Amino acid sequence: MSKTRELIHDLTQERWETLRLGILAVPADQCDLPNAIGYWSIKDLLGQLASWETYAVATIARALADEPDPQVDVEVINERISQERRAWTWDEAVAALAE
C-alpha cells in the first residue's frame, strides 16, 4: 500500500472509530426522535452516512479508472435514501455503517 493510501486508510479508520463510539453512546430511546438535524433522527442520519459512503467509494473507483462521474441531484438522492431506510431499525442502520 502506498504511503498516501496508508495515511488515508488510517485517518478514515480513526474517524469511523470515533463515529462508532459516538453512536454507541446514543441512548436507545433517543435514536428515533426527529429533528436531530433538520427533520432527520440520528437513525436517519446513519442511513444517509452509510449510503453516501457507498457512493463515495464508487466515485473514487470511477476516478481511479478514469471514468466520468455521473451528474447527480443530491436532494433527490437524499430523499430516496430517506424513504428507503425510514423503516429500518436502529440495529439495521448501525449495521449498514459497519459494512
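See the structure printed just above.
In this text the structure is predicted, and so the values were computed from the model without any measurement.

Caption draft 1: Fine view of the packing of helix 2 (residues 42–64) against helix 3 (residues 74–85). Between helix 2 and helix 3, the least distance of the axes is 9 Å, while the angle of their chain directions is 120°. One way to sum up the angle between helix 2 and helix 3 is to call them oblique. Two packed elements cross with a definite hand, and for helix 2 against helix 3 that hand is right-handed. For the pair helix 2 and helix 3, contact is made by Lys43, Gly47, Gln48, Ala50, Ser51 and Trp52 and by Val74, Ile77, Asn78, Ile81, Ser82 and Arg85, respectively.

Caption draft 2: A look at the environment of isoleucine 77. Summarising the element assignment, isoleucine 77 is placed in helix 3. Residue isoleucine 77 is classed as buried on the basis of its relative accessible area, which comes to 13%. For the pair isoleucine 77 and serine 51, spaced 26 residues apart in the sequence, the C-alpha separation amounts to 9.4 Å.

Caption draft 3: Representation of the packing of helix 1 (residues 3–24) against helix 4 (residues 90–98) in the model. Their axes nearest at 11 Å, the elements helix 1 and helix 4 cross at an angle of 170°. If you check the angle between helix 1 and helix 4, you find them roughly antiparallel. Two secondary-structure elements touch here, helix 1 through Trp16, Leu19 and Ile23 and helix 4 through Trp90, Val94 and Leu97. Counted by class, the contact of helix 1 with helix 4 contains 6 nonpolar, no polar and no charged residues.

Caption draft 4: Expanded view of the nonpolar core. Grouped together as the largest cluster of nonpolar side chains are 9 residues: Ile23, Val26, Cys31, Leu46, Ala50, Trp90, Ala93, Ala96 and Leu97. Of all the elements, helix 4 adds the most residues to this core, at 4 residues.

Caption draft 5: Region of the structure containing helix 3. Between its terminal C-alpha atoms helix 3 stretches 16 Å, which fits the 16 Å expected from 12 residues at 1.5 Å a residue. Those residues of helix 3 lying buried are Ile77, Asn78, Ile81, Ser82 and Arg85. Along the axis of helix 3, the buried residues cluster in a sector spanning 135°; they form a single face. In helix 3, those exposed residues whose orientation departs by more than 90 degrees from the buried face are Glu75 and Val76. Elements that come into contact with the buried residues of helix 3 comprise helix 2 and helix 4. Two or three places before glutamate 75, at the opening of helix 3, aspartate 73 has a side-chain oxygen 3.1 Å from that residue's backbone nitrogen.

Caption draft 6: Spatial organisation of unusual backbone geometry. Even without being a glycine, asparagine 35 presents a positive backbone phi close to 75°. Locating asparagine 35 in the fold gives a position in the loop between helix 1 and helix 2. Accessibility expressed as a relative area gives 54% for asparagine 35, which makes it exposed.

Criteria and thresholds
- Residues numbered from 1 in each chain as written.
- Predicted model: local features only at pLDDT ≥ 70, side-chain atom pairs only at ≥ 80, totals over all residues.
- Heavy atoms only, no water.
- Axes fitted to C-alpha atoms, helices over the stretch in contact; angles between N-to-C directions.
- Helix = DSSP H or I, 4+ residues; strand = E, 2+ residues; numbered from the N terminus.
- Parallel < 35°, antiparallel > 145°, perpendicular 65-115°, else oblique.
- Left-handed = near helix turned anticlockwise from the far one by under 90°.
- Contact = heavy atoms within 4.5 Å.
- Buried < 20%, exposed > 50% of the residue type's maximum accessible area, 1.4 Å probe, protein only.
- Nonpolar A, V, L, I, M, F, W, Y, C, P; charged D, E, K, R; others polar.
- Core = buried A, V, L, I, M, F, W, Y, C linked by side-chain atoms within 4.5 Å.
- Expected span 1.5 Å × (residues − 1).
- Arc of directions from axis to C-beta.
- Polar contact = N/O pair within 3.5 Å; in protein donor to acceptor, adjacent residues only side chain to side chain.

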